[in-house]
Every structure is written in structure tokens, then in C-alpha cells.
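The primary structure of each chain is shown beneath.
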Amino acid sequence: MTILPVILWSDVLIWLLVVAALVLAALSARNPPLRTAWHRVGRSAPGMAAATVLLAFVLVGLLDSVHYRPRLASRDSGAPAAYAIEVLSLLDALASPLRTRNEKTYSEPLATHGYAKESIETRDADGRLQIARDFPRLKYGGAHLDADARDLAAQRDADVGRRVLAATSLAALLSGLLVLGCASLLASRNACSLMTAWRALRRGETDFAWRSVLVTLGVLLLLLSPLAALSVDYHVFGTDKVGQDIFYQVLKSIRTALVIGLVTTLVTLPLAIVLGLVAGYFRGWVDDLIQYLYTTLSSIPGVLLIAAAVLMMQVVIDNHPQWFATAAERADLRLLALCFILGLTSWTGLCRLLRGETLKLRELEYIQAAQAFGVADLRLIVRHILPNLMHLVIIALVMDFSSLVLAEAVLSYVGIGVDPSMISFGTMINNARMELAREPMVWWSLAAAFVFMFALVLAANLLADAVRDAFDPRMAGAS
Amino acid sequence: MLAYLLRRLLYAIPILIGVNLITFALFFVVNTPDDMARMQLGVKRVTPEAIEKWKAERGYDKPLFINSQAQGTGVFTDTVLFAKSARMFVGDFGRAEDGRDIAREIASRMGPSLAIALPTFIIGLFVTVSLALLLAFFRASALDFWGVVLCVALMSISGLFYIIGGQYLVSKLWRLVPISGYAAGLDAWKFVILPVAIGVVSGIGSSARWYRTIFLEEIAKDYVRTARAKGLSELTVLFRHVLRNAMIPILTGVVVVIPLLFMGSLLSESFFGIPGLGSYTIDAINAQDFAVVRAMVFIGSVLYIVGLVLTDISYTLVDPRVRFE
Amino acid sequence: MIFFRLALFIVPLLLAACGSEQNDPYPASERGGNILYSAFTERPKHLDPVQSYSEDEGVFTAQIYEPPLQYHYLKRPYTLVAASAQAVPVPRYFDAQGRELPADAASETIATSVYEISIRPGIRYQPHPAFALNRDGTARYGKLDRESLQGIETIADFPESGSRELVADDYLYEIKRLAHPRLHSPIFGMMAQRIVGLAELGETLQSEAKSLPADTWIDLDRFALKGVTVVDRHTLRIALAGKYPQFVYWLAMPFFAPVPREVDRFYAQPGMAEKNLTLDWYPVGTGPYMLTENNPNSRMVLERNPNFHGETYPCEGEPGDREAGLLADCGKALPLIDKVVFSREKESIPYWNKFLQGYYDASGIASDSFDQAVRFGAGGDVALSDEMRAKGIRLLTSVRASNFYMGFNMLDPVVGGMAPNDRKLRQALSIAIDQEEFISIFMNGRGIAAMGPLPPGIFGHLDGEAGINPVVYDWVDGQAKRKPVDVAKRLLAEAGWPNGRDAKTGEPLVIYLDTTSGGMGDKSRLDWLARQFAKLDIQLVVRSTDFNRFQEKIRKGAVQLYFLGWNADYPDPENFFFLLLGSEGKVAKMGENASNYVNPEYDKLFGQMKDLDNGPRRQALIDRMNRILQDDAPWIFCFYPKSYTLAHSWLYNRKPSDVGHNSLKYQRLDVGERERRRREWNEPVLWPLFAGALALAALLLPALFYYRRRERASART
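None of these values were measured; they are calculated from a predicted model. (Residues numbered from 1 in each chain as written. Chains lettered and ligands numbered in written order. Predicted model: local features only at pLDDT ≥ 70, side-chain atom pairs only at ≥ 80, totals over all residues. Heavy atoms only, no water.)

S.K.: What is the right way to read the sheet that holds strand β9 (residues 289-295) of chain C from this model?
M.R.: Hydrogen bonding along the main chain pairs the strands of a sheet, whether they run parallel or antiparallel. All names here are of chain C. Within the open sheet, the four strands sit side by side as β1-β11-β10-β9. Their pairing is mixed. Two strands bound the open sheet, and with one partner strand each, they are β1 (35-40) and β9. The average undirected angle you get between the axes of adjacent strands in this sheet is 20°. In this structure, β9 lies alongside strand β10 (residues 299-304), joined through six bridges in antiparallel fashion. (Pairing = 2+ DSSP bridges. Helix = DSSP H or I, 4+ residues; strand = E, 2+ residues; numbered from the N terminus. Axes fitted to C-alpha atoms, helices over the stretch in contact; angles between N-to-C directions.)

S.K.: Where do I start with the state of the cysteines in this structure?
M.R.: Cysteine pairs can be covalently joined through their sulfur atoms, and such a bond is termed a disulfide. Per the counting criterion, the structure on display carries one disulfide over all chains. Paired through a disulfide, C315 of chain C and C330 of chain C show a sulfur-sulfur distance of 1.9 Å. Linking C315 of chain C and C330 of chain C, the disulfide has an S-S dihedral of approximately 85° and is accordingly described as right-handed. Here C315 of chain C is found in the loop between β10 and β11 (339-344), whereas its partner C330 of chain C is found in the loop between β10 and β11, with 15 residues between them in sequence. Among the residues examined, C330 of chain C registers a relative accessible area of 37% and is labelled partly exposed. With no disulfide of its own, C182 of chain A lies closest to C192 of chain A among cysteine sulfurs, the gap being 12 Å. The class for C182 of chain A is buried, based on a relative accessible area of 7%. (Disulfide = S-S within 2.5 Å. Buried < 20%, exposed > 50% of the residue type's maximum accessible area, 1.4 Å probe, protein only.)

S.K.: Explanation requested: the side chain of D240 of chain A in the structure shown.
M.R.: Residues and elements named next belong to chain A. Here D240 lies in the loop between α8 (210-231) and α9 (246-282). From its side chain, D240 meets the backbone nitrogen of Q244 in a polar contact 2.8 Å long. Setting aside anything within four residues of it in sequence, one finds D240 in contact with T105, Y106, I246 and Q249. (Polar contact = N/O pair within 3.5 Å; in protein donor to acceptor, adjacent residues only side chain to side chain. Contact = heavy atoms within 4.5 Å.)

S.K.: So what exactly am I meant to see when it comes to the pattern of salt bridges here?
M.R.: Note that side chains of opposite charge can pair when their charged atoms are close. Per the counting criterion, the structure on display carries 62 salt bridges over all chains. Among the ionic pairs, K221 of chain B bridges to E218 of chain B, the shortest N-O distance being 3.4 Å. According to the relative accessible area criterion, K221 of chain B is partly exposed, its value standing at 41%. When the shortest N-O distance is used, the salt bridge between D222 of chain B and R225 of chain B registers 3.8 Å. Here R225 of chain B and D222 of chain B lie together in helix α10 (residues 222-229), a separation of three residues that amounts to about one turn. Look at R225 of chain B and you get exposed, because its relative accessible area is 51%. Within the structure, one salt-bridge network assembled from shared partners comprises R101, D159, R162, R163 and D233 of chain A. (Salt bridge = Lys/Arg side-chain N within 4 Å of Asp/Glu carboxyl O.)

S.K.: What exactly am I supposed to notice about the interface of chain C and chain B here?
M.R.: The accessible area lost on association of the parts is a frequent measure of interface size. Contact with chain C, which involves 73 residues of that partner, is made by 60 residues of chain B. Overall, the association of chain C and chain B removes approximately 6,000 Å² of surface from exposure, summing both partners, and the carbon and sulfur fraction of that is 54%. The tally of links from chain C across to chain B stands at four salt bridges. For K346 of chain C, the salt bridge goes to D283 of chain B, with nearest N and O atoms at 3.0 Å. Where chain C touches chain B, the interface holds 14 residue pairs in polar contact (both at pLDDT 80 or more). Counting residues per element, the ones that place at least two in the side of chain C that touches chain B are α1 (2-17), α8 (348-356), α14 (547-556), β19 (561-567) and α20 (687-716) of chain C. Considering every element that reaches the side of chain C that touches chain B, the biggest residue donor is α20 of chain C, with nine residues. A per-class count over the side of chain C that touches chain B returns 35 nonpolar, 15 polar and 23 charged. (Buried area = accessible area lost by both parts, 1.4 Å probe. Nonpolar A, V, L, I, M, F, W, Y, C, P; charged D, E, K, R; others polar.)

S.K.: Any chance you could explain empty space enclosed by the protein here in plain terms?
M.R.: Empty space left among the atoms is revealed by rolling a probe the size of a water molecule over them. Residues and elements named next belong to chain C. Taken as a whole and assessed by the stated rule, the structure comprises 11 cavities of 30 Å³ or more. For the largest cavity, the calculated volume is near 130 Å³. Lining the largest cavity are 15 residues, and of these G460, L462, G467, N626 and Q630 sit closest to its centre. A total of four residues in the lining of the largest cavity trace back to one element, the largest contributor, which is helix α18 (residues 616-632). (1 Å grid on protein atoms, 1.4 Å probe; cavity = no way out; pocket = protein on both sides within 12 Å on 5 of 7 lines; lining within 4 Å. Points joined across faces, edges and corners; volume = space filled by probe spheres on them.)

S.K.: How should the side chain of D170 of chain C be read in this particular structure?
M.R.: Residue and element names in this part refer to chain C. Looking at where D170 falls in the secondary structure, it is placed in helix α3 (residues 168-178). One polar contact links D170 to R164, side chain to side chain, over a distance of 2.9 Å. In contact with D170, other than residues within four places in its own chain, are Y125, R164, E165, P258, V259 and P260.

S.K.: Where do I start with the pairing of strand β8 (residues 235-241) of chain C in this structure?
M.R.: Remark: a regular strand shows side chains that alternate across the two faces of the sheet. All names here are of chain C. With five of seven residues buried, β8 is to be regarded as a mostly interior element. Judged from the seven bridges that link them, strand β6 (residues 112-118) and β8 form a sheet pairing that is antiparallel. In the strand pairing of β8, T112 is matched with A241. By the bridge criterion, four bridges tie strand β7 (residues 228-232) to β8 in an arrangement that is antiparallel. Note that in β8 the partner of D232 across the bridge is T235.

S.K.: Looking at this model, I keep getting lost on the sheet that holds β8 of chain C. Mind explaining?
M.R.: Residues and elements named next belong to chain C. Read across the sheet, five strands follow the order β5-β4-β6-β8-β7 without closing on themselves; strand pairing throughout is antiparallel. For this open sheet the edge positions go to β5 (100-101) and β7, each flanked by a neighbour on one side alone. As paired elements, strand β4 (residues 92-94) and β5 share two bridges and run antiparallel to each other. Within β5, the residue paired with Y93 across the bridge is L101. The strands touched by α3 within the sheet are β7 and β8, with β7 carrying the most contacts at an inclination of about 175°.

S.K.: What should I look at first to understand the domain arrangement of chain C in this one?
M.R.: Domain parsing of chain C yields domain 1 (2-18 + 684-716), domain 2 (46-272) and domain 3 (402-643). Each of domain 1 of chain C and domain 3 of chain C has a C-alpha centre, and the two are 65 Å apart. (Domains from an automatic or database assignment.)

S.K.: Explanation requested: the environment of D159 of chain A in the structure shown.
M.R.: All names here are of chain A. By secondary structure assignment, the location of D159 is in helix α6 (residues 152-190). Sequence spacing of D159 and F237 is 78 residues, and the spatial spacing of their C-alpha atoms is 17 Å. Other than its neighbours up to four places away in sequence, D159 contacts H144, L145 and Y234.

S.K.: What am I meant to see in the confidence of the model for chain A here?
M.R.: Low pLDDT means the predicted atomic positions in that stretch should not be read closely. On average, residues of chain A score 85 in pLDDT, and 93% of them are at 70 or above. Helix α17 (residues 473-478) of chain A is the least confidently modelled element of chain A, averaging 50 in pLDDT, while helix α3 (residues 45-63) of chain A averages 93, the highest of any element. (pLDDT = per-residue confidence, 0-100.)

S.K.: Would you explain the nonpolar core in this entry?
M.R.: One recurring pattern in soluble globular proteins: nonpolar side chains tend to sit buried together. Judged by nonpolar contacts, the single largest core of 183 residues is most densely connected at F425, I429, M453, L456 and F471 of chain A together with I102 and M296 of chain B. The element that contributes the greatest number of residues to this core is helix α14 (residues 377-414) of chain A, accounting for 19 residues. Taken domain by domain, the makeup of this core includes at least three residues from each of domain 1 (2-90) and domain 2 (105-324) of chain B. Discounting chain neighbours no more than four positions away, the residues touching M296 of chain B are P301 and L304 of chain A together with I106, M263, L277, Y280 and T281 of chain B. The next biggest cluster of nonpolar side chains, apart from the first, holds 147 residues, and it includes L220, L236, I431 and M451 of chain C. (Core = buried A, V, L, I, M, F, W, Y, C linked by side-chain atoms within 4.5 Å.)

S.K.: Looking at this structure, how should I read the packing of helix α9 (residues 189-219) of chain B against helix α11 (residues 234-255) of chain B?
M.R.: Helix-helix packing: each pair is described by the crossing angle between the helix axes and the interaxial distance. Residues and elements named next belong to chain B. Between α9 and α11, the shortest axis-to-axis distance is 9 Å and the interhelical angle comes to 130°. Classified by the interaxial angle, the pair formed by α9 and α11 is oblique. Remark: the crossing between α9 and α11 carries right-handed chirality. Contacts between α9 and α11 involve Y211, I214, F215, E218 and I219 from the first element and L238, V242, L243, N245, A246, P249, I250 and V254 from the second. Tallied by class, residues from the contact of α9 with α11 come to 11 nonpolar, one polar and one charged. (Parallel < 35°, antiparallel > 145°, perpendicular 65-115°, else oblique. Left-handed = near helix turned anticlockwise from the far one by under 90°.)

Have a look at this one:
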């Protein structure tokens, strides 16, 4: 065995979430109102386009959630197996050229030379040292190009053009095949001719918003395949201060954002659902107590509460170094702690909403009747009240995601975000902010972080809109 | 009404006590009084005696929660917790760890905070309501669709980018306003204009979209249909009926944040170098100044509760049918 | 309606845009004044001379207070000259029987050293209400209470002020204040061991303070301080226990600046502290400037002290100063600038941009924020970018009197220990971590790779071949060249870790670095560091925590490797070498030796070195001490940071200095040039405003169009 699998806590939770999503899907399929609501989501073109983009992000995140420690190369074969302290993920393995090809310092996107002039020592024919100031050639960026050529820039441009052309044509071909596949699938399912299916697809008349999914997929392919083709030999988004590839950092940030956005709900939901239902259903002193709890919590300014709690977790982590075999585990626990704290501070809103709805529901006749028949409270809550509140929960879940991702960036700025050794959009922005002041300006890391974060949050927001429109009974009438 | 207010205020007391306990517990798990002393006394040449002296002088040499050596009520009152929080209820916040009077500091920082927060709030409300009204007016048209898309796009951008981008363009490239700083009095306008503009723009997305749905709900109501049937022009209907009625949920929803405006904005105050309460809070967190953090949490909670009460009152003012139980 | 709102927004902008320099952050009334603009990032915690210790505070206190001595502005190595004293005092030594000893007496025989300081007569304090007198000679504001303080918010609200002459007694008063139990002077513990009678005074005052209710004034005059005597109106005598030649350096710090008792009394009146009317907030001194506005949240203003005793610009400096134009103002009366405005600048980007726009005349001392902004050649050659040179910006560098190091905890079983093999592990790491690369990437070349604890400019530091660290460097082609990694690998194998594996068990070698998130903590540095360790196949685990936790770990000795720096208090080798003294052990003695390094031979040499005057004998001892440290390698010597200042073309006489901060009085401005440049650089760009207005109109047009169409449609139906 050449690797040592490492299971980080956040990995466990992420995969647990995947399972939970599957279970939710199964449950939704059996519950008619939820099923129709999901169908409505499926019909929404922007919603499905957003879902496609999100799925791509989630895929990257999941690849980045399988961790292992590579075995250390050992010179004598008798030595016991030892594993590197560095924890890698599947994504790292796939993107290992991105991860390992570090330049010395900044370089522009697709550059072949460094960003700042350097003194370069060369030896003359007669052996004297010559010092010249010039842009140094990058170690890896465009290294396959003929180094001695005078017109390196032109050569680079040609090479880039060639690669982009090849990649886009491949992507176009692939998208064409996808469309064809989809059309034939539709044709066979609806038992109509391929032509009719294609027409329906083209006009967006299908029951599921296939058109927008396919268009989004096509656009994604067209954008991503040149990136992939170029990233092998160039730094597509440039490199940062220590010469690390920005594209790689962006990819790594995705998982952090997803964990923050999703795992937090694992804390929020149980708290909000249980306390909200209990308060609304039992009323009396239980209600008073829970109301007191959430009023108190929500009256503390959020940032202060988070700051204090994060600092506290930090102390706990620092005092127990023996818990962590690797730095990755440490950073991971801090990330989870952050999720936990964000969850603790954000359950109050949903709880209040659920309490209110429960208060209304329990006055309904059939619930009153069931109570009169002596149906157990727990059973009543789980069977009759909870399903009627599911739409609120689902809406809250999708709505929270984007705000949490955005909050991470702000918290990292204040210095109470993720572990500094963990790559996230927040840490990227925080580092890149300074680079804007450089002369000449280093803009690419901020731009890359901006584009990817924007895409993620925008997709999440659009999906959230679609879900809300589909689930909210009030919205169903309004639009 | 008066009785209700009184009850609300009484109810606030246990909440404030709870808030205090939570902050206290959180903070002292992180920071022992020893840490605080070290932080204040600096790094170089700190002796254990100096730390003990510092603690004794500031009253941190007592037990944190329960003093088992004291007699009678002293068990609870002769502790750091009691000594440090009891006086806050009468408005005495004590001194920051650097010896400066907190109440005075807060009073002097409130102005700059409000100078940013208040215009942001008012102009923001105005802009977003007009935009939402515009979208509602052109509902179900391409304008509406792209307007909503724009709103979603605007709210998908992190607040940090607005500030970084705004500063870069307006102050650095175009040199229209000073990049940061603050001046008291009328001179403040040139410092305030950019943070306010950025605050307004960054808030447009979510609020305009939210108000738009409120307007749409209102438009779907029967009385609007009747008014339209009477032959009133669309504009009249919109301004005279829809706007007026929709303002009720908008304003009552907004009232709760008004008192919190005093707290200032953490981000823009630090980026623009405005000496308000937001940057005070950030400084205090960084400097681990417990006295200030505690005071800010206390004030924040009080303002939040005031906001809740104001919301209730605004409901009755707007809708006489709502009565206080 | 929307147009109206827009107009509201844009009209003032447009109106204002008619003139240039719309982005001027200062009031228009200040334009053209002989005012220096500077910034501060951290609000000063203390301005009281007994408490203030940090560099950020020194920026202010050094201009306001005038201790007896100061450093010569231009000469290097740093030289002490007189400030309020007549001359630099020469100590007289006495043995236990009170007999005077010759200057070269062995230090064991010296029981007390006596410093006699004569103060220049006629020096007057800055105007201050505490000095204001009634007709009968009593203090005008001597009997204030909360009521009479109503309406008074700052010190400027007192209508009357006065001044008086500086006398020797004021110094005595300040030295007593060092022992004040409520003031927590950071140097009290240290000085109590030196100044005769100070420790006893501290104890007396402590018990006195306990017997009095809190906040009551303690009259220091009632308590005697044995070791300090006022000989006459202008002469002060300080007796120290033993020999302590470094004492003169302390006499150049604000700790020994005079504090008049009237002022102390004045501020101690009830109601003052609540209004921040304290010495900590409104310092009073005899220096060239006085603090007239103190709003540490946004602005602090120093103005010329009208009572300043007068001093002239120095006429000699180190070689090169004349060429640099630093001697052009020779003999002119100081200070040369009327007013200095410090603005609070927390974020580095605004700070930097305002500097580029000409609104700051120079970068501050805490110029970390400029790291990002200045482009230095990656090869370590320091140069400004062409664009900045075209603007006339100058770069001034000097090596700071500080060092940075990565310390090993000698108590740790893996990296600690004094056995030859233990040492080799540390030596291997010293070689492997490429400080030159670190300096070029992270410091923009603003540093010099360290060879030992002593930075250049401190006596004992040697340049060239004699000064290299032979464990880490070879001398090749007239340059120090880091030894190849293979040497480090061999050393590591000899230490029992061939290829980073334990020779016996085969376990990989894992080293833990503790750091604060500000120091080494940021991600890119950690990655870089991990790569350095990977050269030797060593696994590096970084544990970054907040500063308190880090300090606590160091105190408990719970670290393996840590990263720290030291800023010298005064330019003497003693101030660096004591950091590795056995008697300073952090865990054992709560001292400053965070590595817990103990080497009796080193300690013995230190004992001999510290009391010697600078000279060949001292140099020989220092060389031996350096060699011991280089061999034992309790620290990885990282680098000596260079401080640099960027200054605009209109600022003259700026020379970076690390130990003396009282540099403001020497600087000069060419205000006309500044006005011209500012105007040239800050032409506002107006088209975006029009473009914005157009874009809004373009957005509204389709709306109007839709509206029209709809109206027409509804009219038709």
C-alpha cells in the first residue's frame, strides 16, 4: 500500500451530506407536495442552469474531500513505511502539475517571464561575471517553448491559440454529442421522433429545463476545456507571491466555501427545527425559555459573538496539539469549528419562523382532533407538523448558503476566519487586497477569486430563487 | 401602551443579564486576566509582580464567577463578573484597559458612525424603494427580468469587493474624493460620500428584490384591481395605493435596524479610516480589550431590544387593529 | 424623482470638482502651511514617559519630552550627545567603603557608580495650564473639582497657561515616578536593581497605595529616594549599584525625561481622568514640539513649542551625508517645521495611495505596510521603480538595530540538548533555510542575512570574512556563500537522522514550528518554509496561534521551534547577548531567554564583556561569544531587517534612525514644491461622472419607452 487514507472530519460530514441529499430526494419522491415543488424547480430555466454550475462546483469539492497521505520515498527498502505529513486529496493528485510547479514569485497569467526585473548573472565567453537586469524566464510557465527563441511572446501566443482552438473544438464536439444524447433520450422516453424531441428541446418546451442545462453545460465545457489544456504548461491565472498557481488555489477554495455553506446547516437545522417545533407545540414555559434563548443570542452583535467563539475554539485547539497528526487535521477542525459557530449564531431566525408556523398549525382542526384522540406528541410533530414545515426548511437552507460563503470572506478579513494555512476565497482576497497597491498592480489573484466566488454565489442565489418560488405557497401565487 | 412598554423593558433585563453572562464566559475562556495584563503591559521586560499589580489594580484578582471565600452575598458580588457587569446597567462602562473612559470614547465615536450609517440607510431606502417600484411597475417585462437578474448579481458580490473596487476606481484612478480619513463637521462630506455610495450600491441587490416582492404581493390584492377598474392610471394606482400600503411592511421591517445604526459598520469604517464605533469594535477585538468588547456587546443588545420595541410600536401606529396583549 | 436624487448626489461633486485636488484629505485652511503630514497605524497606548516604551509611542514622546541625552542625528555608529544636559556624564566609581576608584578599576571592586548630570540653565517648559499662576503665586488651576471642570473637554479649553524653568528636581521627580505603583513602568523592575534605593521606594509606595483609597494622589515628595540627590538647582546626582556603563543609553530615553510636579498634581485633581485629562493623554515637556490636538482615533497634532530652548542643526555627520545634502542646513535653528499632523491610517492601501498622491510627506517608521507596495529587485538590489523615481521619491535605507531569529527550545528532547550530535541537527537546519531567498521574496530585499545576534551598527558586528558564520557560510570570491544542502544532509545524518529518518526506528523527523499568525503565520511563508525543511526530508508542522497563546507556550517551554525578533533598547552588544544568558532562562527564571539556552562558558564571557568599554578587548570577547553561539546554534540567525523610508522630493534632512526618534526637529519642507506636485498629481478625472449619469439615463430611457407604450396600449383598450 503506497498511501495512507486520511479521513478528515469535514470529509465525513460532506459525504454525510451527500447521503442526506439522496435520502431527502427519496423522501421528496414519496411526498406529493414536495414532489410537485421539485418538479417546479426542474422547470425553472435559470434554476436549472444554476444547478448545473453548482453541480460542477460540488464535483470539484467532492474530489477535494477524499484525503490521503502519500508514502515517503525511502532509500533503503527495509525501513518501515512512513507517510508524509502533508495531506493530499484526490483533487491534488489530479492537479499535481498545478500544485507542484511553483515559480519563485509573481507572474502574470500565461506568462513566460517573471513580473519584476531581476539581476541575472551570466558568464561571458572569457569567464567574467556579467550582471544584467531583465525579466527572468519562468521555471515552468511555458517551459516547453523554445527558450532561445527571440520571439518568445509570438511563439507563446501561437501555442496558446492552438491549444484554445483544439480544446474548444473538442468541447464543441462534446457538447454536440451531449445534445444528441439528450435528444435521443427524450425521444425514447416520450416515444416520439428524434426530430420532434430536438424541436421541443430547442424551444425549451420540455418538462424539465433541458435546454438551459445543456446550454450551461456547453458554456462550461467551452470555458473549462481551454483552461485545462493551458493549465498543464502555463499558469492560466498567474502565480502569487511565492509562485503558487492561482488556478490551483481557486480550485482549493471551492471546497472550503462549500463546507462553510453546507456543513453549517448541519448545525443550524437540528437546532432550529427541534427548538422551533418544541416551542411552538408545547408553549408555556418551554416556549418562554426557548424564546429567551434566541432573543438573547440574536441580540448579541454577530461579529462579536463569532469573534469570541472563534478565539475560544482557537485556544482549545492550541491547548491540544496531540489531537492532530497533521496540520491539515488542525486546519480542518478549525474550519469545522467555524461552521459550528456560524451555525450557532444563525439558527435563531429560522427557529423563530418555525415556532410561529407551528403555533398556527397546532390550532388546525385535524391536529386538535388527533390530540384529542391521544396521539403521542412526538408522533404528531414528526408525522403532521414537520412535513408541513419542510418547505420553510428547504428555503432557509438554500438561502443561507450564499450568505455564509460571503460571510467567510468578511470573517477572514477581520482575522477570525479559516485557518491561515487553509486556502479559501476569504484568505485569497485578504492577501490579494494588498497586491492591488503594488506598482505595477498585481490584479490576477483578486480577479480570479472574484470571478469564481461570484459564479458560485450567483449560482447559489439563482437556485435559491428557483427553490423559493417553487416551494413558497405565497410566491406560487405572486409570480 | 405604557404598561406594555414597561413590561417590555422589564423583560429586557434577563436578556441583558444573559448576554452579559455569555460574553463574559466566552471571553474569559479565551483570555485569562493574566493574558490581558501581558497584552497591556507589552512584551518587553514584564515581571510576574507587574502582572499581579496590574490585576489587583483593575480588579481582576478576584475569582471569576463564585468567590467561595467570601461571606453571605459576597459569594456572588465579590467576583470579577459582578464587579465588571453590575455597573453597566446604570450606564457606567468603566475604563478601557488602556485607561480611557469608555462612555466618553463611545460618545465621541458615535458621530462619525452615524455620519456614514444614517445617510447610507436613508438614501439606500430611497434608492431601493424607487428601484423596486420601477421593477414592480414593469413587472413581467424584460426590464423586470433583467432588473432582477442584476439585483441577484449585485447581491452575489462580496462586500469586500465593493469597497476595494470603489476605493480603487473613485479615489485612486479618478481622484475624486480622499481615499480615507474623516473630518468633523461640514468638512466630512468629502470623506463620507464614497462609503455612503458604496454602502448604498452594495445594499441595492437584496433589498430591492425583497421590496419588489412586497409590491407585487400588494398589486395582486383586490383593492388594487378595483382601483384600476375605476380607471385610475397605473401610476396613480402605484403611487397612491400600492406604495402607501406596501410601505407598512417595509418600514416595520426596517425599524428594527434603526437603533443598530449607532453601532456603525465594521468593514467600511476600517477601510475608510473612519473613527466610529465599528472600527472601535474591531480594534477592541484585536487588542483583546475585554472592557470595550463587553460594553459594545451590551450596547448592541440594548439597541436590538429597543429596535424590537420600536417595531411593535410602529405596528400599532400603522395598523390600529393591532393591540398589545 | 430619481433625477432629483441624482442631482443631489452629483451637483456637489461637480461643484467641488471645479477646483483641483478634490481628494485633499486636509482642510483647505492648512494649504501652504509649513506642516509635515505623517500617519500612525496603532494608536499610542501611553504618552506618559514612565510607561511609554513602544516605537509607535516614541514617534510622539521623543518630540515632546527631552531627556538629558540624545543620539547624534547624523553620526553612525550611534553617538550620544547632550540634550538638556550640559554634557554626557562620565561616571565616577566608588568601592564599598566609599573610596573613589580610577575609571579603569575592575568591575568587581566597584560598589557604586555615580553620574552627575548638569542641566543647561534657562530651559523652559511648553505653555501649560498647570503652570498658570494667580497673582499671589499659587497655582491658578490648583483647586479644581468636577463642577469647575464643566465645559472643559480638552487641555486647550483652559483659558490661561504658564511656564517655568526646568530644574534638576523635575528629573528626581520622574525617577521617583518609575517606582509609582499605579503607573507600571516597564523598566521599574530593571532599574530597581540599578538605582540605589529605588526598590525600597517602590515597596514604600506600594504599601502607601494600599492604605489610601484608589485614585487618591500620592505625593511623591514625601518619600525619599536615597540614590538620587539634587546637588543644586541645575545639578542632579544618580548613584547606581555596581558598574553599569549602559546607563547613559537609558538617559537618552523618555523614561528619564523631566516631569514637573505641578503637572502631576494638576492632572491628579478629581474629574480630570474621566475627561482623559491625564499626562498619558496630554504630555508636558521641554522638547521642540508640544501635543496640541490628541484624537488618537483620527488625528494627532504636534506644534512648535514656543519656549523651546533652541538648538542648531548639526554640522558634521558620517561620510556621505554632505553629498546627500544632509549638512546643508548646518547651524540653522531647530525645529524647522512649524506643525506636524499625524493621521490615523489603519489600512495600508489608503496609506500608500495617499503617499503617492503627495498627502503624506514620507512613509512612517512602521513601514510594514509599504512592503507590498515598493518593488525591489528580487535579487536583493534595492531600487525604486522608474515610475516612482520620476515622481522624485527617494528611498532611504538603514539597517535596523534589531534581529530576527528562529529559536530552538533547548529543553526539547528532539531539537534541544548540548551534545555534539544535538548541535548538528540545529546546524543542518541553519544551513537549509535559505535566508537570502526569504529576504528577497518576503522582505523585498530589505534585510541582511544574519551571521550572529549583532546587527551592523552595533559594536562588535564585523563585516566581511571575519564576520561570517563559519557553520553556515563559506567565503567564496569575496562573498559569503551559503553552504550547499549536501553539507546539511551530512550533518543531519551525523545527528542521527539520515534522510530525515531516525537512524534506529526509521520514524520520520517531524519538527513543530510555533508562530503567531502575524509573524510567520501567513500562508505563503509557511509554504515556503515547508519547502526549506523538505530539502532535508524533514516534515515541518506549523502551529500558529494568537500572540498570548504563543507567549504562554514560550513561557512553559512547550515549543520546539519559534520565530521572534528583538529590537534593541540601546545600541550596545549587551542588549543582544543577554537574550541567551542562562540567568535569563524563560522557563526557569521568567527572563528573556526564550530558548532556555544555558552555556556556562558563554555566561562567563558575557559577565566580562558587559562592563567593558568598546575596544579590542571587548571585540575579542564578542568574537568568542559569537563563535560559541554559531556552534551551539540555539538560534537560526535569520536576518537583520533594514528600515526604509520613502520620502518625497520636497522633504529634506530625513535620515532613518532606529534608536533616537526625535528626528522631527531636523526635517525641513519645501512647501511650494509640494503644492506644485500635489496639484500636478491630483487632477480629478471627471468623465466617469458624466459617463455614470449617461449610463443611468440610458437605463431609464427604455423604462420610459416601455411606459409610453404601455400607456398607449391601455388607452387603446
